[in-house]
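# Analysis of the macromolecular model
Chain by chain, the residues:
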Amino acid sequence: MHARIRAGDPDAFRELFRDHAQLVYRHAVRTTGDWSAAEDVVSLTFLEAWRLRGKLRDEGASPRPWLMGIAVNVLRNTGRAARRHERALARVPLRDALPDFADELVGRIADSDELAAAKVALGQLRRAEREVFALCVWSGLGYAEAAEALGVPVGTVRSRLSRARARLRRLTDSELRRRGGGAEPLGAGGQVQGGRTTAARSNEERTR
């Protein structure tokens, strides 16, 4: 599979897209909180994968870590572009306001309160912690896969994830209370008693 991708085999890329497009999309939705932006991230990720196909190494049974590493970089770049765009808009004189359809769109997510609270909390984490959490917890990559995707040692992934979980439990609980969700403080097991948020564990930890 790796050799076929490096050779630019169209069938191999269709297989790569079929097997991993939803993973990239879910990761992008959870990171950005925006469906449209997530679709753009998927497109850009696979375009970059095609452009960088010659750099795919033979390590590992799956190209998933390599692809998710590309997705992480795409998200970094699109995030910077979005921030530049917001700053540019802030300098433009205000005109008649357009209707805000945010509330309508939020209804498309079953657990919109949870996603919104988690997104706010994630935004307060350091970028390195946020990326590790999103890869290991939300996208289900193991420690070794996340380390390969980010280009860091496995021990770094473990320590960043531990810090991210500890901070995220506190921040999400605080955000849900601020929103009037009535959630009680998180217990040691990582659950919000009386609320809907459950701190997920990575696949690797669940199989220990």
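Residues numbered from 1 in each chain as written. Predicted model: local features only at pLDDT ≥ 70, side-chain atom pairs only at ≥ 80, totals over all residues. Heavy atoms only, no water.

## Examining the confidence of the model for the protein
The test is simple: Within a predicted model, pLDDT stands for the predictor's per-residue confidence, ranging from 0 to 100. In this description, contact between two residues means that some pair of their heavy atoms is separated by no more than 4.5 Å.
Here the protein averages 75 in pLDDT, while 68% of its residues score no lower than 70. Ignoring residues within four places in sequence, the model shows residues 94–110, a span with pLDDT below 50, making 7 contacts including any to other chains. pLDDT under 50 marks residues 182–208. Its contacts with residues more than four places away, or in other chains, come to 53 contacts.

## Here's the deal with the packing of helix 2 (residues 10–32) against helix 3 (residues 35–51)
Note the cut-off: Between N-to-C directions, angles cover 0 to 180 degrees, with each direction set by a line fitted to C-alpha atoms, over the stretch in contact for helices. The way it works is that DSSP assigns letters per residue, a run of H or I at least four long becomes a helix, a run of E at least two long becomes a strand, and they are numbered from the N terminus. By definition in this entry, angles of less than 35 degrees are roughly parallel, angles greater than 145 are roughly antiparallel, angles of 65 to 115 are roughly perpendicular, and the rest are oblique. Throughout, a crossing is termed right-handed when the near helix is turned clockwise from the far one, and left-handed when it is turned anticlockwise from it by less than a right angle.
Running from N to C, helix 2 and helix 3 cross one another at 140 degrees; their axes reach a closest spacing of 8 Å. It follows that helix 2 is oblique to helix 3 by the angle criterion. The two elements helix 2 and helix 3 cross, and the hand of that crossing is right-handed. Judged by residue contacts, F13, L16, F17, H20, A21, V24, Y25, A28, V29 and T32 of helix 2 engage W35, A37, A38, E39, V41, V42, T45, F46, A49 and W50 from helix 3.

## Considering the side chain of R160
Let me state the cut-off plainly: Working definition: with a 1.4 Å probe on protein chains only, accessible area under 20% of the residue-type maximum means buried, over 50% means exposed, and in between means partly exposed. The charged-residue count follows a simple rule in which Lys and Arg add positive charge and Asp and Glu add negative charge, with His and chain termini not counted at all. Any carboxyl oxygen of Asp or Glu that lies within 4 Å of a side-chain nitrogen of Lys or Arg is treated as forming a salt bridge with it.
Here R160 is to be found in helix 9 (residues 154–178). For the buried residue R160, which engages in no salt bridge, the nearest side chain bearing the opposite charge is E131, 5.8 Å off. Apart from the residues lying within four places of it in its own chain, the contact partners of R160 are A128, E129, V132 and V152.

## Considering the environment of H20
Along the chain, H20 falls in helix 2. What makes H20 buried here is its relative accessible area of 11%. Sequence separation between H20 and L67 is 47 residues, and the spatial gap between their C-alpha atoms is 8.4 Å. Once you skip the residues sitting within four places of it in the chain, H20 turns out to touch F46, S62, P63, R64 and L67.

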